Structure formats: structure tokens, C-alpha cells
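Examination of the molecular architecture
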Amino acid sequence: MTSPRRHLWIAAAAWAVLSIVGIVLVAGIQIIPVIASREAVIENSAFVLLTIVSVPVLMFVVVGLAYSALRFRANGDETDGPPVHGSRGFQSIWLGVSFALVIGLFGYGAVGLIDIRGAQSSDFEVQVRSEQWAWHFEYPDAGVVSKELHIPLGERVHLVINSDDVIHSFWVPAFGVKQDAVPGRPTQIYLTATVEGTYPGLCAELCGFGHTDMHLTVVVSGRAALESWLSQQPKPSPQPSGSPP
Ligand SMILES: [Cu+2]
């Protein structure tokens with residue numbers, strides 16, 4: 001007959017081994033499929049941390065369930081077991097660990113969020129205007145409006161997002177940024193692209209019949225290539241831009 005303490009040790013050992021194996025397996029994964037900005041790196045690290053922290057919690061439930069089902073199976077005996085009473089020590093540990101996890105994850109998330117949104121400065125600004133069902137990008141310094149978003153590599157870009165009609169959402173998965181476009185209330189994103197290339201984006205807020213076709217394209221290039229592209233764009237005739245500051 002195995003003593004209760006021995007059962008605990010066996011289950012704890014199984015939990016520890018499975019948790020370590022699980023953590024090793026998930027520690028290096030890239031959860032955001034394409035990472036092309038500084039912000040996406042920070043967000044991916046938060047996803048990875050959440051996954052790592054969830055492994056011991058998951059294994060605690062799985063091992064507890066599986067060990068109990070396998071070792072304490074009641075063969076043919078369908079009467080109730082003895083009543084279970086609370087354990088002050090176990091409850092304290094449970095609450096303490098849960099509290100520490102919540103506070104720790106909050107702290108990590110807050111540091112990342114401040115890193116992404118904290119500094120309100122930028123090297124390059126674009127006014128993003130959305131409508132059913134298209135995106136328009138205005139470059140105030142160059143006086144150009146385009147259908148594609150062109151931004152410089154390695155510079156902090158400030159996007160001021162507006163909507164002409166209903167709520168849309170500007171989302172570029174590779175940059176790890178998603179921001180609602182709210183009519184009458186400009187919203188903002190700061191991002192720093194780290195890899196040259198062309199990236200797809202889309203509207204992430206159901207906004208009517210054309211929502212699924214409300215795609216956008218972002219082109220990241222060096223500053224010189226961007227300036228040259230801007231200089232080749234037709235300048236719209238002067239009129240109020242309709243984008244409040
Ligand atoms: Cu939409």
C-alpha cells in the first residue's frame with residue numbers, strides 16, 4: 001500500500017519532469033508567424049512567456065487528473081468517498097502562486113506596453129484614413145496621398161488613424177500592431193519596422209459588406225527609396241484633408 005506522501009512525491013516528480021520538458025519545447029518558439037518590427041518582438045516575447053507559464057499549470061491539472069484516475073480507480077465501488085475538507089496550507093499556496101503569476105505577468109506586460117507606447121516621439125508621420133471599404137495614407141510632410149502605406153526602415157513611425165464612417169481596425173500582423181479607427185476620434189500607433197519588405201494588413205473590425213476585402217499593403221524601405229517613391233507620387237490638388245490633428 002503506497003502512503004499518501006509517496007503518492008504526492010510520485011505525482012510531483014511526474015509534474016516536474018513534464019513541466020520541464022514542456023518548457024524546453026516552447027521556450028524558443030515564434031508565435032507571431034512573421035516578425036518585422038520592434039513591437040512584434042516585444043509582443044512575441046510576451047506570448048512566449050505566457051505559454052511558458054501556462055505549461056506547469058496545464059501539467060498540474062493533467063497529472064493530477066491522470067494520476068488520480070489511474071491510481072485511485074474505484075473498481076465496482078460506487079459509494080461516495082470520505083468528505084474532503086479544506087487545507088489551509090494548500091489554499092494559501094494556491095492563492096499565493098496565482099497572485100504571483102498575475103502580478104508578474106501584469107508587470108511584464110506593463111513594461112512591454114510602456115516600451116511600445118511610452119515615448120510619444122516619432123521620425124515619420126502618416127495620417128491613416130479609413131472608409132467603407134478602403135484605406136488611404138496621407139504623408140503630411142510630402143503632401144502625398146497613397147493607397148499603399150510606405151514607411152522607412154528602422155525609424156519610429158507615428159500613424160494617426162481616422163475613420164470617415166464606421167469603426168474599422170488597422171491591423172498588420174507582421175508588425176504586431178492593431179488599432180481601431182473610430183469616427184471622430186483619432187487613434188494612434190507607434191511602430192519601428194526592422195525588416196525591409198512588403199507586408200499585408202487588413203481591417204480587423206467587421207465594418208459592412210466589403211469588410212473582408214478591406215486589405216492594405218505596407219512597404220518598408222530605406223529612407224532614400226521612400227523619399228524617391230514619395231517624389232514620384234502625384235500631388236493631390238490642395239483641399240482640406242479632413243483629418244483633425
Ligand atoms: Cu472592416
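Residues numbered from 1 in each chain as written. Predicted model: local features only at pLDDT ≥ 70, side-chain atom pairs only at ≥ 80, totals over all residues. Heavy atoms only, no water.

What to know about the pattern of salt bridges
On inspection of all chains with the given rule, the structure shows five salt bridges. Salt bridges linked by common partners bring R38, E39 and D115 together as one network. (Salt bridge = Lys/Arg side-chain N within 4 Å of Asp/Glu carboxyl O.)

Examining the domain arrangement of the protein
What the domain assignment reports for the protein is domain 1 (4–71 + 91–117) and domain 2 (124–232). Computed from C-alpha atoms alone, the centre-to-centre distance between domain 1 and domain 2 is 35 Å. Counting residues at the interface gives eleven residues for domain 1 and 14 residues for domain 2. Looking at the side of domain 1 facing domain 2, the largest losses of area belong to A36, E39 and R117, adding up to 51% of the total buried there. Connecting domain 1 to domain 2 are zero salt bridges. (Domains from an automatic or database assignment. Contact = heavy atoms within 4.5 Å. Buried area = accessible area lost by both parts, 1.4 Å probe.)

Details of the layout of surface pockets
Rolled over the atoms, a probe with the dimensions of a water molecule shows which regions are left empty. Of the pockets and cavities examined, the largest pocket occupies roughly 750 Å³. Of all elements in the fold, only helix 1 (4–26), helix 2 (38–71) and helix 3 (88–117) reach the threshold of two or more residues within the lining of the largest pocket. The leading source of residues in the lining of the largest pocket is helix 2, at nine residues. Looking at the lining of the largest pocket, its residues break down into 17 nonpolar, four polar and no charged. (1 Å grid on protein atoms, 1.4 Å probe; cavity = no way out; pocket = protein on both sides within 12 Å on 5 of 7 lines; lining within 4 Å. Points joined across faces, edges and corners; volume = space filled by probe spheres on them. Helix = DSSP H or I, 4+ residues; strand = E, 2+ residues; numbered from the N terminus. Nonpolar A, V, L, I, M, F, W, Y, C, P; charged D, E, K, R; others polar.)

Considering the sheet that holds strand 4 (residues 149–152)
In spatial order, the strands read 4-10-9-6-7; together these five strands make up an open sheet with mixed pairing. Two strands lie at the open edges of the sheet, namely strand 4 and strand 7 (177–181), each paired on one side alone. For this sheet the average axis-to-axis angle between neighbouring strands, irrespective of direction, equals 25°. Strand direction decides the pairing type here: strand 6 (residues 168–172) and strand 9 (residues 197–203), joined by two bridges, are antiparallel. The residue bridging F170 from the neighbouring strand is C203, located in strand 9. (Pairing = 2+ DSSP bridges. Axes fitted to C-alpha atoms, helices over the stretch in contact; angles between N-to-C directions.)

Here we look at the sheet that holds strand 3 (residues 144–146)
An order of 3-2-1-5-8 is seen for the five strands of this open sheet, with the pairing classed as mixed. The sheet terminates laterally at strand 3 and strand 8 (187–192), the two strands that pair on one side only. Adjacent strand axes in the sheet meet at a mean angle of 25°, parallel and antiparallel pairs treated alike. In this structure, strand 2 (residues 134–139) lies alongside strand 3, joined through three bridges in antiparallel fashion. Bridged to F137 within strand 3 is S146. Taken strand by strand, helix 4 (residues 223–232) contacts strand 1 (124–131), strand 2 and strand 3, and its axis lies near 50° from that of strand 1.

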